[in-house]
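Now for the letters of each chain:
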Amino acid sequence: MSDVDLESAVELQLESGKTATIEGLTSTSGTECFRFSYRGKTGIAARKLFVTSDSDAKQELSKQGLVITSKPDWREIVSGIESIESFPPELVFEKVGWHDGHFVRTDGKIFSPRGSGRGRQALPSGVRRYPRSGTYMEWRDEVGGLLTGQTLPMIAAMCPFAAPLLAFAGIEDNFGFDFWGPGGKGKTTLQSLIASVSGDPGDFARFDATQVGIQSLFDSYEGSALPIDEASLADRKDKHFFKDMIFRLASGTLRINAYRQDLDRRRFVFITNGNRPYYEALEALDPDTVDAAKQRLIPLRVDGDLGVLNTLPEGFASSGDAIKELTARLKQYHGSALPRFMRRLVTVRSLDPGKFDAKLREDVKRFEREVGVASSVAGTSRVSSAFGLLAAAGELAQGFRALPPSWNCRQACREGYRNYLDQLQDHAPLHARLLAIAQHQQTVDLRNADKLPRLKDSELSRLRGFLAKGKGGRVELQLTPEYARQAFPDWRMIKSSADFEACILADKGRRTRQRKVRKGKGLERLVCFVLPPEIVEQLDN
């Protein structure tokens, strides 16, 4: 044996003729560790693993690729650790996720700010792999380019970019999306699209239908998107299991404990799909629990003639052909977009973390102002913040050249938010509902019309309402009574709220006012709201 540094390192000349090196170090978490080098391989094991039995340490090193089969060699190496007296700090990370501006992936890959020195993960889980095929530019152009203007696929693709930003966005819990609709609409393809941003497009999370099974995913998907295999949700109709699953994923902790705010948490965005909205299975539970679940797992309906697509991409005869081509491209190009994003993210944020975080939160708030929730008495919600973060993440990914510049990320998120509101009108602040209705294609804008439209009763019944100028330059949103009943199922509950009383125009004893909105007809009874200036400003933008 010849000593290199008795305090922190020792070089061993083993009886077998081989050489081994042991170095002491302290991880960023404060754990004292040994770094072993043997036969060209290196591994790290915590000092505490040697306290009772060294078998755990040997197993840990094997996970890292350092396999020591010779028992005599191993005995000499274990004896050598007694010479280590000093454990200087190093950039060694024991856990996945964010650490002092570095991001550790579950396979041991570390994204570090440029010029900061590279770190090393001490205890890689080795659970997930991130295969790559093609470049991030090919994924962006061939996959992302095909999906320009397609709301649901764009929302799906933005989820992986939003996940690592959760730690800085001021959003308390994780959130998820449930894409639901008839079979054969492309919902599973959305899951593949999400997975392709970071790795294998077939890498869906699979677990047994227990809380332990769910928790086993947490470390593997830290700072990532978690697309859940539909087969793992066979008990989707089990209201208690599904409710517990939603809250467990949103919490991101191994145990939900209202009295422990310091529990180790995992941050991710989770995605499910099904043929029916999951909340139907929860209706038998108490209303407060159901409402809380709907804020954490955001349902998005997939029911158009083209499935998950808004329009048919140029050059395709059917939506089925377009989805088939998308699937083929995902197999050819995957695994490179998120690494591109992370390499830029860690460096850009390191320049001024406080400024970066503040801008990110302001971008979320800007989206909430755009959809009309920031100014209402009811205020913002988990759902509006989730879509706001998606929009901010999408635009950041565009700036990092990981998403196509042709995408309108904020518009896609606004349309996704309206998709949510259309299903769950009573879960949105009044101003958000009014803005969503006013912006809808089935609302006719009469503010600058030279003449009123000639509409049959059947055509009127398919509309949501009208935008029209009122007295004193005010802008009115005039809804058909039929649609108003659909849009405001909670009318009795909200009619005495400050927001509602400030907006509603109604004749005494009625919900409606008389207005003329179509040629050839007289005055008709409509539910009328005066739009606040901030909503009118959003319309005009």
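Definitions and cut-offs
Residues numbered from 1 in each chain as written. Predicted model: local features only at pLDDT ≥ 70, side-chain atom pairs only at ≥ 80, totals over all residues. Heavy atoms only, no water. Pairing = 2+ DSSP bridges. Helix = DSSP H or I, 4+ residues; strand = E, 2+ residues; numbered from the N terminus. Salt bridge = Lys/Arg side-chain N within 4 Å of Asp/Glu carboxyl O. Buried < 20%, exposed > 50% of the residue type's maximum accessible area, 1.4 Å probe, protein only. Axes fitted to C-alpha atoms, helices over the stretch in contact; angles between N-to-C directions. Parallel < 35°, antiparallel > 145°, perpendicular 65-115°, else oblique. Left-handed = near helix turned anticlockwise from the far one by under 90°. Contact = heavy atoms within 4.5 Å. Nonpolar A, V, L, I, M, F, W, Y, C, P; charged D, E, K, R; others polar. 1 Å grid on protein atoms, 1.4 Å probe; cavity = no way out; pocket = protein on both sides within 12 Å on 5 of 7 lines; lining within 4 Å. Points joined across faces, edges and corners; volume = space filled by probe spheres on them. Phe/Tyr/Trp six-rings, centres within 6.5 Å; stacked < 30°, edge-to-face > 60°.

**Student:** Explain the sheet that holds strand β7 (residues 97-99) to me, using residue names and the numbers behind them.
**Tutor:** Consider a sheet: its strands pair through backbone hydrogen bonds, and that pairing is either parallel or antiparallel. Ordered in space as β7-β8-β9, the three strands form an open sheet in which the pairing is antiparallel. The open sheet has two edge strands with one neighbour each: β7 and β9 (110-111). For β7 and strand β8 (residues 102-104), the ladder comprises three bridges, and the chain directions are antiparallel. Across the sheet, residue Gly 97 finds its bridge partner in β8, namely Val 104.

**Student:** Quick one: what's the story with the pattern of salt bridges, residue by residue and with numbers?
**Tutor:** Going through the model one piece at a time under the given rule, you end up with 33 salt bridges. A salt bridge links Lys 243 to Asp 244, with the shortest nitrogen-to-oxygen separation between them at 3.0 Å. On the basis of relative accessibility, which here comes to 31%, the residue Asp 244 falls in the partly exposed class. Through salt bridges with shared partners, a single network forms among Lys 359, Asp 363, Arg 366, Glu 370, Glu 395, Arg 410 and Arg 414.

**Student:** Outline the packing of helix α12 (residues 382-399) against helix α13 (residues 409-423), listing residues and values.
**Tutor:** Each pair of packed helices gets described by two things: the angle between the helix axes and the distance between those axes. One way to put it is that α12 packs onto α13 with a least axis distance of 8 Å and a crossing angle of 160 degrees. In terms of orientation, α12 and α13 fall into the roughly antiparallel class. Crossing of α12 against α13: the hand is right-handed. Touching Val 383, Ser 384, Phe 387, Leu 390, Ala 391, Gly 394, Glu 395 and Gln 398 of α12 are Cys 409, Arg 410, Cys 413, Gly 416, Tyr 417 and Tyr 420, all from α13. Looking at the contact of α12 with α13, its residues break down into eight nonpolar, four polar and two charged.

**Student:** Which residues make up unusual backbone geometry, and what values go with them?
**Tutor:** Phi is positive for Asp 100, which is not a glycine, with a value near 50 degrees. Tracing the backbone shows Asp 100 in the loop between β7 and β8. On the accessibility criterion, Asp 100 (72% relative accessible area) is exposed. A positive phi angle is found at Arg 401, which is not glycine, with a value near 65 degrees. Its place among the elements puts Arg 401 in the loop between α12 and α13.

**Student:** Quick rundown of empty space enclosed by the protein? Include the residues and the values.
**Tutor:** Across all of its chains, the model carries five cavities of 30 Å³ or more by this definition. Of the voids in this model, the largest cavity is the one considered here, and its volume is about 110 Å³. Together, 15 residues line the largest cavity, and Phe 103, Arg 105, Tyr 130, Gly 223 and Leu 338 are the ones closest to its centre. At the level of elements, β8 and α10 (337-351) are the ones that each hand at least two residues to the lining of the largest cavity. No other element matches the three residues that α10 contributes to the lining of the largest cavity. Broken down by class, the residue content of the lining of the largest cavity amounts to seven nonpolar, five polar and three charged.

**Student:** Report on the packing of aromatic side chains, specifying residues and quantitative values.
**Tutor:** Within this structure, the stated rule accounts for 20 aromatic pairs. A centroid spacing of 5.4 Å and a plane angle of 50 degrees characterise the contact between Phe 218 and Phe 268, whose relative ring orientation is tilted. Taken together, the residues span a long stretch of sequence, with Phe 218 in the loop between α6 (211-215) and β12 (224-227) and Phe 268 in strand β13 (residues 268-274) at a distance of 50 residues. Looking at Phe 218, the relative accessible area reads 1%, which means it is buried. For Phe 268, a relative accessible area of 0% gives the class buried. Every member of this aromatic cluster is reached through a ring pair, and the members are Phe 34, Phe 36, Phe 50, Trp 74 and Phe 87.

**Student:** So what's going on with the pairing of strand β14 (residues 297-301)? Which residues, and what values?
**Tutor:** Of all five residues in β14, four are buried; the element is thus mostly enclosed. Summarising the sheet, strand β11 (residues 175-180) and β14 pair through five bridges and their orientation is parallel. Bridging from a neighbouring strand, Gly 176 pairs with Leu 297 of β14.

Limitation: the analysis is restricted to geometry and does not speak to function.
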